Amino acid sequence: MSIPVALPSLAEVMARYAFAYLLTGSERGAPRAVAVVPRLEGGILLIDAIGHRTRENLVARPEVGLVWPPGAPGEYSLIVDGLAALDGGKLRIAPSRAVLHRPGRRSEPPKSGTC
């Protein structure tokens, strides 16, 4: 189940979460996730420090995702797509899309002994 988030209200929604995972793509196409604490200034997400591998991934593939995990089961994750750019030691991400997402409810309870 997904609910679109208007980019002008992104700061308000982000305030509900403690941290996010920054998702980049490696040279082999594998995703790489690192925990970050982004802040929103002037419509741009800023991250103060990133590691070497994340930096390499961003230089080659600037399209990124950010996922703020839910605080409890049944709550929504915040997912933001954007375009990243390095600015000295900081990372700047221009968000292009945001959505609140959680799994849909099951129509029936799982059967005993199944996953």
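Note that residues are indexed from 1 along each chain, following the sequence as it is written. Confidence filtering applies because this is a predicted model: local features only for residues at pLDDT of at least 70, side-chain atom pairs given and counted only at 80 or more, and all residues used for totals across whole chains, interfaces and linings. Side-chain measures here rest on the full set of heavy atoms in the structure, leaving out hydrogens and waters.

Undergrad: Explain the pattern of salt bridges to me, please; I cannot follow it from the model alone.
TA: When their charged atoms lie close together, side chains carrying opposite charge are able to pair. For this analysis, a salt bridge means a side-chain nitrogen from Lys or Arg found within 4 Å of a carboxyl oxygen belonging to Asp or Glu. Scanning the model with the defined rule gives 3 salt bridges in all. Close ionic contact of D48 with R39 constitutes a salt bridge, the shortest N to O distance being 2.9 Å. A simple rule labels every residue: compare its accessible area, found with a 1.4 Å probe on the protein chains alone, to the largest value its type can have, and call it buried under 20%, exposed over 50%, or partly exposed in between. Residue classification places D48 among the partly exposed positions, given a relative accessible area of 43%. The residue D81 makes a salt bridge to R97 at a minimum N-O spacing of 3.0 Å. Of this pair, D81 sits in strand 7 (residues 77-87) while R97 sits in strand 8 (residues 90-101), and the two are 16 residues apart along the sequence. Residues joined by salt bridges that share partners form a network here, namely R39, E41 and D48. Starting at the N terminus, helices and strands are each numbered in turn, a helix being any DSSP run of H or I of at least four residues and a strand any DSSP run of E of at least two.

Undergrad: What should I look at first to understand the nonpolar core in this one?
TA: Where a protein is soluble and globular, its nonpolar side chains tend to be buried together. To form a nonpolar core, buried Ala, Val, Leu, Ile, Met, Phe, Trp, Tyr and Cys residues must be joined to one another through side-chain atoms within 4.5 Å. Within the largest apolar cluster, 23 residues are counted, with the highest numbers of intra-cluster contacts made by L66, L78 and I93. Of all elements in the fold, only helix 1 (10-14), strand 2 (20-25), strand 5 (44-47), strand 6 (63-68), strand 7 and strand 8 reach the threshold of two or more residues within this core. Top contributing element to this core by residue count: strand 8, with 4 residues. If sequence neighbours within four positions are ignored, L66 has contacts with A20, Y21, L22, V36, P38, L45, I47, L78, I79, V80 and I93. Pairs of residues are marked as contacts when any of their non-hydrogen atoms sit within 4.5 Å.

Undergrad: I'm lost on the pairing of strand 7 in this one. Help?
TA: Two faces, one strand: in a regular strand the side chains alternate between the faces of the sheet. When DSSP finds at least two bridges between two strands, those strands are taken to pair. Here strand 6 runs beside strand 7; their pairing, made up of 6 bridges, is antiparallel. Considered in strand 7, the bridge of W68 is made with L78. In the sheet, strand 7 pairs with strand 8 via 11 bridges, with the strands oriented antiparallel. Opposite D87, over in strand 8, you have K90 as the bridge partner. Taking the residues that link successive antiparallel strands as the turn, the strand 7-strand 8 hairpin has 2 residues, and the phi of G88 there is positive, at about 65 degrees.

Undergrad: Can you walk me through the environment of L100 in this structure?
TA: Positionally, L100 belongs in strand 8. Linking L100 and L23, residues 77 residues apart in sequence, is a C-alpha distance of 17 Å. Beyond its immediate chain neighbours, meaning those up to four positions away, L100 contacts M1, S2, I3, V5, V13, R16, Y17, Y76, S77 and L78.

So far we have only geometry, and geometry alone does not tell us how the molecule works.
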